[in-house]
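Breakdown of the fold
Here's the letter readout for the chains.
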Amino acid sequence: MTTVTSTDDEQRAFDALIDADARIEPRDGMPDDYRKTLIRQMSQHAHSEIIGMQPEGNWITRAPSLQRKAILMAKVQDEAGHGLYLYSATQTLGITRDEMTEQLIEGRAKYSSIFNYPTPTWADMGAIGWLVDGAAIVNQVPLCRCSYGPYARAMVRICKEESFHQRQGFEILLTLMQGTDAQKQMAQDAVDRWYWPSLMMFGPPDDESPNSARSMAWKIKRFSNDELRQRFVGMLVPQAEVLGVTLPDPNLRWNDDTQQYDMSPIDWDEFMAVLKGHGPMNAVRIQTRRDAHEGGAWVREAAAEYARKQQQKEQAA
Ligand SMILES: [Fe+2]
Ligand SMILES: [Fe+2]
């Protein structure tokens, strides 16, 4: 008679849950690589939400009207909320919030490269909402069905808010495109600058994405990078027509034979350079985050002191 170790039992239970398309919960046993992959992906996602507040936060004081300012503030606050859900969900895998914060402010953690580009004009708020939040939705909707329960549930709430972000961006661009020639030019210029980086958000082409197959087998990932990129472009083309903007790719056209869009090759050298920290804004983003963390030390101390006093009171009672 063979003895089954608890690890084998755990692996079997895990495989059965994945096969049944059920959710893995924090109490369930899971392979170490699954846990590590999720910690990496989810913490990077959380960092991206938090760092992503900066390019738009840059425009809150300069929004062109009170209404625009209120909308932009709500949007940036939503991103803070997304970061918080995701940090909490990641903590269920056995990493602390402090560890994740340290990794970020010491420059050891990755976050989405898109946030290392500057936002010189108001039209960038439109282009970010339309293209960056738009790409985020296409990436994140399938994550609502991700095999890890806390991640999947966080994504359901996040995706609802991302749709609002995408529409507010579209609406900013639409308003500019109905304005003066200078405003139209500003909108087109922002689309020209954000289009390619937003396509890069889906990650490297399928044949150069070594971890994708494993994530698909674990049902963390449901569609390949190239499939999602195609879906995104398919969404943009009719919307660009409504806006009256040109997508900056002369080779972009529907191909009836392949049933997908032909497009120019993506400049992955630029992507890799930005990823390695040579983007226009990498250093500023990390420094700003570090300053905010240090500036908030007194809040954390006060909260801890309050909790200590409450506990004392409870013990005395
Ligand atoms: Fe977000
Ligand atoms: Fe967003």
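Residues numbered from 1 in each chain as written. Chains lettered and ligands numbered in written order. Predicted model: local features only at pLDDT ≥ 70, side-chain atom pairs only at ≥ 80, totals over all residues. Heavy atoms only, no water.

As annotated in an unreviewed UniProt entry, the protein is 1,2-phenylacetyl-CoA epoxidase subunit A from Microbacterium horticulturae.

1. Examining the nonpolar core
One finds Tyr34, Trp130, Tyr148, Tyr151, Trp194 and Leu247 to be the most contacted residues of the largest nonpolar core, which totals 79 residues. Counting residues per element, this core draws most heavily on helix α7 (residues 149–177), at 10 residues. Setting aside anything within four residues of it in sequence, one finds Trp194 in contact with Ile114, Tyr117, Pro118, Thr119, Asp124, Ala127, Ile128, Leu131 and Val132. (Core = buried A, V, L, I, M, F, W, Y, C linked by side-chain atoms within 4.5 Å. Buried < 20%, exposed > 50% of the residue type's maximum accessible area, 1.4 Å probe, protein only. Helix = DSSP H or I, 4+ residues; strand = E, 2+ residues; numbered from the N terminus. Contact = heavy atoms within 4.5 Å.)

2. Structural notes on the layout of surface pockets
Of the volumes computed, that of the second largest pocket is approximately 410 Å³. Around the second largest pocket, the lining comprises 16 residues; the ones closest to its centre are Ile50, Arg97, Arg289, Ala292 and His293. Those elements giving two or more residues to the lining of the second largest pocket turn out to be α3 (53–57), α4 (66–91), α5 (97–105) and α12 (282–295). (1 Å grid on protein atoms, 1.4 Å probe; cavity = no way out; pocket = protein on both sides within 12 Å on 5 of 7 lines; lining within 4 Å. Points joined across faces, edges and corners; volume = space filled by probe spheres on them.)

3. Regarding the coordination of the iron ion (ligand 1)
Surrounding the iron ion (ligand 1) are the protein donor atoms Glu49 (OE), Glu79 (OE), His82 (ND1) and Glu162 (OE), which sit 2.0 to 2.2 Å from the metal. Seen from the iron ion (ligand 1), its 4 donor atoms lie at angles of 85 to 145°, and the figure they make is irregular. Mapped onto the sequence, the residues coordinating the iron ion (ligand 1) show the spacing E-x29-E-x2-H-x79-E. Separating the iron ion (ligand 1) from the iron ion (ligand 2) is a gap of 3.3 Å, bridged by Glu79, which donates to each. (Donors = N, O, S within 2.8 Å, 3.2 Å for Na, K, Ca; no water. Tetrahedral: all angles 85-135°; square planar, octahedral: opposite > 155°, others 65-115°.)

4. Remarks on the packing of α4 against α5
Orientation of α4 relative to α5, taken along the N-to-C sense of each, is 120°, at an axis distance of 9 Å. Looking at the two axes, α4 sits oblique to α5. Residues Leu84, Tyr87, Thr90 and Gln91 of α4 touch α5, and the partners they reach there are Arg97, Met100 and Leu104. For the contact of α4 with α5, a count of residues per class yields 4 nonpolar, 2 polar and 1 charged. (Axes fitted to C-alpha atoms, helices over the stretch in contact; angles between N-to-C directions. Parallel < 35°, antiparallel > 145°, perpendicular 65-115°, else oblique. Nonpolar A, V, L, I, M, F, W, Y, C, P; charged D, E, K, R; others polar.)

5. A word on the coordination of the iron ion (ligand 2)
Every protein donor of the iron ion (ligand 2) is accounted for by Glu79 (OE), Asp133 (OD), Glu162 (OE) and His165 (ND1), and the metal-donor separations fall at 2.0 to 2.2 Å. Seen from the iron ion (ligand 2), its 4 donor atoms lie at angles of 88 to 162°, and the figure they make is irregular. Read in sequence order, the donor residues for the iron ion (ligand 2) give the motif E-x53-D-x28-E-x2-H. Relative accessible area serves as the criterion here: at 0%, His165 is assigned to the buried category.

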